[in-house]
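# An overview of the molecular structure
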Amino acid sequence: MNILILGSGGREHALAWAVKQNPKCDRLIVAPGNAGIAQVAELADIDVLDGAAVVEFCGENAIDFVIVGPEAPLAAGVADATRAAGIVTFGPSAAAARLEASKGFTKEICDACGAPTAGYARFDTATEARAYVTRMGAPIVIKADGLAAGKGVIMGMTLDQALDGIDEIFGGAFGAAGAEVVIEEFMEGEEASFFILSDGENALPIGTAQDHKRVGDGDTGPNTGGMGAYSPAPVLTEALQRQAMEQIVLPTIREMAARGTPYQGVLYAGLMIKDGQARLVEYNCRFGDPECQVLMMRLGAQALDLMLACAEGRLDRAQVNWADDHALTVVMAANGYPGDYAKGSVINGLDALPESSTQMVFHAGTKARDGAITANGGRVLNVTARGDTLAEAHARAYAMVDAIDWPEGFCRRDIGWRAL
Ligand code: AMP
Ligand code: GLY
């Protein structure tokens with residue numbers, strides 16, 4: 001079959017790498033892709049936020065299956081457009097993607113289905129929000145309601161930080177995404193990510209992961225999109241996964257179906273674990289990046305069969321074949337990230353690294369120039385390895401990192417420390 005993947009990051013490289021290994025895949029196209037993805041797939045330059053353009057491209061290229069990587073095309077209704085055109089599509093409708101695109105909506109769903117989550121209130125004026133926060137006190141969490149590229153959450157560890165956060169959001173720092181705020185109880189505990197496929201009715205857990213959001217070793221410095229990840233997450237025990245399925249995921253999927261907006265795609269549940277209980281921090285309507293890279297390393301070619309079963313409503317008959325393995329990915333970022341950074345530096349040493357089912361360098365932000373691979377983003381490479389133990393995966397990944405010659409880049413040296 002001919003498959004189109006939308007997106008251009010390490011997540012999409014990992015998806016393409018897994019899909020390509022499956023003999024069902026004939027032609028693989030990624031739009032817009034990057035220099036690493038070009039080594040496993042054809043690239044196409046289409047506007048992935050434009051549903052009509054994607055549908056037209058699918059028609060011209062006899063695409064049988066579309067996999068949508070990032071949240072923006074989902075929130076823009078691209079999966080609605082391709083499904084309406086009769087193309088099998090992995091990814092939720094715009095209505096179902098509101099589980100990520102509106103934090104207030106997710107809270108409303110949690111209330112309706114009884115899913116445990118942080119206590120909250122919603123406001124659309126700064127005056128009311130400030131009064132509420134002053135009454136509740138710190139610590140407290142301030143969130144822009146809409147999509148803000150991962151930056152719309154402000155931890156009010158002091159009352160001043162919380163009030164400043166409210167002013168920042170209503171001052172327009174996040175545009176329309178900040179027309180409303182959700183103010184939440186600060187939850188303590190350990191965070192982990194739980195990935196579930198849903199075909200609208202049935203749900204199938206496909207793995208757990210933990211990422212490292214802070215830029216520096218020892219979880220210090222500013223927040224980033226994620227500096228590394230590993231799977232499985234030992235904190236998410238079988239018992240906790242069962243509890244999360246019964247109390248959070250399945251009630252959500254039933255509630256979405258009951259509202260006439262069934263959820264089809266991967267549901268990424270960010271959970272906070274404390275005292276043996278999981279509460280929902282947030283939902284995302286896509287795979288995590290870089291969590292996807294470790295999940296794909298572990299799932300390999302079966303990822304395509306699972307995503308197809310999900311898109312075709314056959315998850316009740318699908319199952320995951322688990323290997324008792326571990327995967328870990330180290331993000332190499334351009335010096336300066338998550339602040340200002342330069343593009344265009346040359347990365348050497350990649351050609352000499354063997355790529356196999358146990359080690360891969362996924363490209364997150366690269367561009368080919370005169371036969372060289374150059375940095376083209378903040379997060380640039382995802383150096384990923386699999387092993388029988390997390391320690392083995394960790395050693396393999398860092399051996400690859402050390403073989404990459406890129407003075408203009410850096411990485412954390414302690415990915416996986418919680419679980420090692
Ligand atoms: P979100 O985009 O909602 O996942 O928020 C980004 C990050 O902020 C999460 O991964 C948590 O680390 C943190 N966070 C969000 N909400 C809360 C909360 N209610 N209590 C504590 N930490 C939170
Ligand atoms: N790594 C966090 C995310 O993808 O949202």
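What you see is a predicted model; the values in this text were computed from it and never measured. (Residues numbered from 1 in each chain as written. Chains lettered and ligands numbered in written order. Predicted model: local features only at pLDDT ≥ 70, side-chain atom pairs only at ≥ 80, totals over all residues. Heavy atoms only, no water.)

Regarding its fold elements, the protein chain presents 12 helices and 23 strands. In terms of overall size, the protein chain behaves like a compact globule, its C-alpha atoms giving a radius of gyration of 21 Å where 420 residues would be expected to give roughly 22 Å. Viewed in the frame of its principal axes, the protein chain has a C-alpha envelope of about 60 × 50 × 40 Å. By residue count, 57% of the 420 residues in the protein chain fall in the buried class. Put simply, of all contacts in the protein chain between residues at least 6 apart along the chain, 69% involve residues at least 24 apart. Within the structure as shown, the protein chain displays about 16,300 Å² of accessible surface, and the carbon and sulfur contribution to it stands at 49%. One finds the centroid of the 33 positive side-chain charges in the protein chain at a distance of 2 Å from the centroid of its 54 negative side-chain charges. (Helix = DSSP H or I, 4+ residues; strand = E, 2+ residues; numbered from the N terminus. Rg over C-alpha atoms; globule rule 2.2 N^0.38 Å. Buried < 20%, exposed > 50% of the residue type's maximum accessible area, 1.4 Å probe, protein only. Contact = heavy atoms within 4.5 Å. Areas by Shrake-Rupley, 256 points an atom, 1.4 Å probe, with all protein chains shown as cover. Lys, Arg positive; Asp, Glu negative; His and termini not counted. Charge placed at Lys NZ, Arg CZ, Asp CG, Glu CD.)

In the vicinity of ligand 1, 15 residues are found, and the nearest of them are E184, E185, M187, E191 and E282. Take E184: an N or O atom from its side chain is 2.7 Å from a nitrogen atom of ligand 1. Within the side chain of E191, one N or O atom sits 2.4 Å away from an oxygen atom of ligand 1. In isolation ligand 1 offers 470 Å² of accessible surface; the protein chains occlude 87% of this area. Those elements that place two or more of their residues in the shell around ligand 1 are β7 (140-144), β8 (153-156), β9 (181-185) and β16 (277-284). In terms of residue class, the shell around ligand 1 is built from 8 nonpolar, no polar and 7 charged. (Near = heavy atom within 4 Å. Polar contact = N/O pair within 3.5 Å; in protein donor to acceptor, adjacent residues only side chain to side chain. Nonpolar A, V, L, I, M, F, W, Y, C, P; charged D, E, K, R; others polar.)

Now for the nonpolar core. Judged by nonpolar contacts, the single largest core of 47 residues is most densely connected at L4, L6, V66, L99, F194 and L271. A per-element tally of this core places helix α9 (residues 238-258) first, with 7 residues. What F194 contacts, discounting residues up to four positions off in sequence, is P205, G207, T208, L236, Q241, A244, M245, L267, Y268, A269 and L271. Counting residues in hydrophobic clusters, the runner-up holds 45 residues, among them F65, L299, A303 and A311. (Core = buried A, V, L, I, M, F, W, Y, C linked by side-chain atoms within 4.5 Å.)

Overall, antiparallel pairing links the 3 strands, which are arranged β18-β21-β20 in an open sheet. The open sheet has two free edges, formed respectively by β18 (346-347) and β20 (366-369), since each of these has just one partner strand. Sheet topology note: the β18/strand β21 (residues 372-375) ladder contains 2 bridges and is antiparallel. Paired with I347 across the bridge in β21 is I373. (Pairing = 2+ DSSP bridges.)

Bringing unusual backbone geometry into the picture now. A negative phi holds for most residues other than glycine; trans holds for most peptide bonds. Following A31, the chain continues to P32 via a peptide bond in cis, the omega torsion being -5 degrees. As for its position among the elements, P32 is in strand β2 (residues 28-32). Along the chain, Y337 connects to P338 via a cis peptide bond; the corresponding omega equals 10 degrees. Position of P338 relative to the elements: it lies in the loop between β17 (326-334) and β18.

On to the environment of D405. As for its placement among the helices and strands, D405 is situated in the loop between α12 (390-403) and β23 (409-410). Judged by relative accessible area, which is 42%, D405 ranks as partly exposed. For D405 and A101, which are 304 residues apart along the polypeptide, the C-alpha to C-alpha distance reads 39 Å. With residues up to four places along the chain from it excluded, the contact list for D405 reads V346, I347 and N348.

Before going further, it helps to examine the site of ligand 2. Every residue near ligand 2 is listed here: D211, G225, Y268, N284, R286, G288, D289, P290 and E291. D211 places a side-chain nitrogen or oxygen 3.0 Å from a nitrogen atom of ligand 2. One nitrogen or oxygen atom from the main chain of G225 is found 3.1 Å from a nitrogen atom belonging to ligand 2. When ligand 2 is considered free in solution it has 200 Å² of accessible area, and contact with the protein chains removes 87% of it. Classifying every residue of the shell around ligand 2 gives 2 nonpolar, 3 polar and 4 charged.

With that settled, the discussion passes to the environment of M187. Structurally, the position occupied by M187 is in the loop between β9 and β10 (190-199). Between the C-alpha atoms of M187 and V141, which are 46 residues apart in sequence, the distance is 8.9 Å. Those residues in contact with M187 that sit more than four places away from it in its chain are A118, M272, R279, L280 and V281.

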